[in-house]
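Coordinates in review
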Amino acid sequence: EAVSRYGVRLQGQVRQLIERVEQILAFAPMDRRKSTYRISPTDIRAVNEDAVRNTQALAKEAGVTVNIEMPNTLPTVLTDSTAMSLVLQNLITNGVKYGGSARQIFIRTALARAGNRRPEVQVAVEDHGIGIDSEEMKQIFEPFYRSPKVVQDQIRGTGLGLTFARKTVEAVGGSISVTSNYGKGSTFVLHL
């Protein structure tokens, strides 16, 4: 029994270490503007499902349910499917880490039109966790930024995840936005 418990803890620690190394490796070339992406027509449904599948063990271990809501038909999106999957995995992981006692994350994908702009596919990752203080909203995408509250609560992280997400989405022609209510949760939206 003890060996089994240690094995589970070891797996969790290895996953965290791999996540940090991957974030640092992904961030390093971005900072030098040498990243290359394979942009092609992409089925965003498959990207969502891939991201959920790759974070399923982490979510299950934390007791979090990830719900996907999307219409049966969506247009393809010009993006890099691997990069978008990594961005979504990052946002899901954040939802698990900062989700507080609310043990659900929602991924809502829809076709939307904002003002006079072209239609876009929006992928929203929503949690009902600790949220982000309004004074910190401008800093959350800065490299290595971590909220003092998060540091005080000893929630692990590198402060690179949201930087990676923003730079990746912008590199493939999209954008990312966030709305948050402190103490009630956050929603990150990919605009593709």
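An account of the accompanying structure is given in this report. Remember, predicted model here, so these are calculated numbers, not experimental data.

**Here we look at helix 3 (residues 81-98)**
End to end, helix 3 covers 25 Å across 18 residues, agreeing with the expected 26 Å (1.5 Å per residue, within 8%). Of all the 18 residues making up helix 3, 14 are buried; the element is thus mostly covered by neighbouring parts of the structure.

**A look at the sheet that holds strand 5 (residues 119-127)**
Ordered in space as 2-4-5-7-6, the five strands form an open sheet in which the pairing is mixed. Across the chains shown, the open sheet's two edge strands, defined by having one partner strand only, are strand 2 (65-69) and strand 6 (175-181). Neighbouring strand axes in the sheet, compared pairwise and without regard to direction, differ in orientation by 15° on average. Across seven bridges, strand 6 lies against strand 7 (residues 185-191) in antiparallel orientation.

**Quick word on the nonpolar core**
Looking at soluble globular proteins, one finds that nonpolar side chains tend to be buried together. Counting residues in each nonpolar core, the largest one holds 34 residues, and the members touching the most others are Ile44, Met84, Val87, Leu91, Phe188 and Leu190. Taken together, the elements giving at least two residues each to this core come down to helix 2 (44-62), helix 3, strand 4 (104-113), strand 5, helix 5 (161-171), strand 6 and strand 7. Broken down by element, the residue count for this core peaks at six residues, all from helix 3. Among all residues touching Val87, those that are not within four sequence positions of it are Phe164, Ala165, Thr168, Val169 and Leu190.

**As for the environment of Ile130**
Along the chain, Ile130 turns up in the loop between strand 5 and helix 4 (148-152). Note on Ile130: relative accessible area 29%, which makes it partly exposed. Residues Ile130 and Gly95 lie 35 residues apart in sequence; the distance between their C-alpha atoms is 9.6 Å.

**Examining a nonpolar patch on the surface**
A contiguous nonpolar surface patch, about 270 Å² in accessible area, is contributed by Leu10, Val14 and Ile18. As for its placement among the helices and strands, Ile18 is situated in helix 1 (residues 2-31). When its relative accessible area of 43% is taken as the criterion, Ile18 is described as partly exposed.

**Focus: the pattern of salt bridges**
Scanning the entire structure with this criterion turns up four salt bridges. Put simply, Asp50 and Arg53 hold a salt bridge, and the shortest N to O gap is 3.4 Å. Taken together, the positions of Asp50 and Arg53, both in helix 2 and three residues apart, correspond to about one turn of that helix. Classification of Asp50 as partly exposed rests on a relative accessible area of 26%. Among the salt bridges present, the one from Arg108 reaches Glu69, with a minimum N-O distance of 2.9 Å. Separated by 39 residues along the polypeptide, Arg108 in strand 4 and Glu69 in strand 2 bring together distant segments of the chain.

**Let's talk about the packing of helix 2 against helix 3**
At their nearest, the axes of helix 2 and helix 3 sit 8 Å apart, and the two run at 30° to each other. Of the possible angle classes, the one that applies to helix 2 and helix 3 is roughly parallel. Along this stretch, helix 2 crosses helix 3, giving a crossing that reads as right-handed. Contacts from Val47, Asn48, Asp50, Ala51, Val52, Asn54, Thr55, Leu58, Ala59 and Ala62 in helix 2 reach Ser81, Met84, Ser85, Leu88, Gln89, Ile92, Thr93 and Val96 in helix 3. Tallied by class, the residues present in the contact of helix 2 with helix 3 amount to 10 nonpolar, seven polar and one charged.

**A closer look at the pairing of strand 4**
With five bridges connecting them, strand 2 and strand 4 associate as parallel partners. If you follow Asn67 over to strand 4, its bridge partner there is Phe106. Relative to strand 5, strand 4 runs antiparallel, the two sharing nine bridges. Within strand 5, the position partnered with Ile105 by the bridge is Asp127.

Conventions we followed
Residues numbered from 1 in each chain as written. Predicted model: local features only at pLDDT ≥ 70, side-chain atom pairs only at ≥ 80, totals over all residues. Heavy atoms only, no water. Helix = DSSP H or I, 4+ residues; strand = E, 2+ residues; numbered from the N terminus. Expected span 1.5 Å × (residues − 1). Buried < 20%, exposed > 50% of the residue type's maximum accessible area, 1.4 Å probe, protein only. Pairing = 2+ DSSP bridges. Axes fitted to C-alpha atoms, helices over the stretch in contact; angles between N-to-C directions. Core = buried A, V, L, I, M, F, W, Y, C linked by side-chain atoms within 4.5 Å. Contact = heavy atoms within 4.5 Å. Patch = residues over 30% accessible without salt bridge, like charges linked within 9 Å, V, L, I, M, F, W, Y side chains within 5 Å. Areas by Shrake-Rupley, 256 points an atom, 1.4 Å probe, with all protein chains shown as cover. Salt bridge = Lys/Arg side-chain N within 4 Å of Asp/Glu carboxyl O. Parallel < 35°, antiparallel > 145°, perpendicular 65-115°, else oblique. Left-handed = near helix turned anticlockwise from the far one by under 90°. Nonpolar A, V, L, I, M, F, W, Y, C, P; charged D, E, K, R; others polar.

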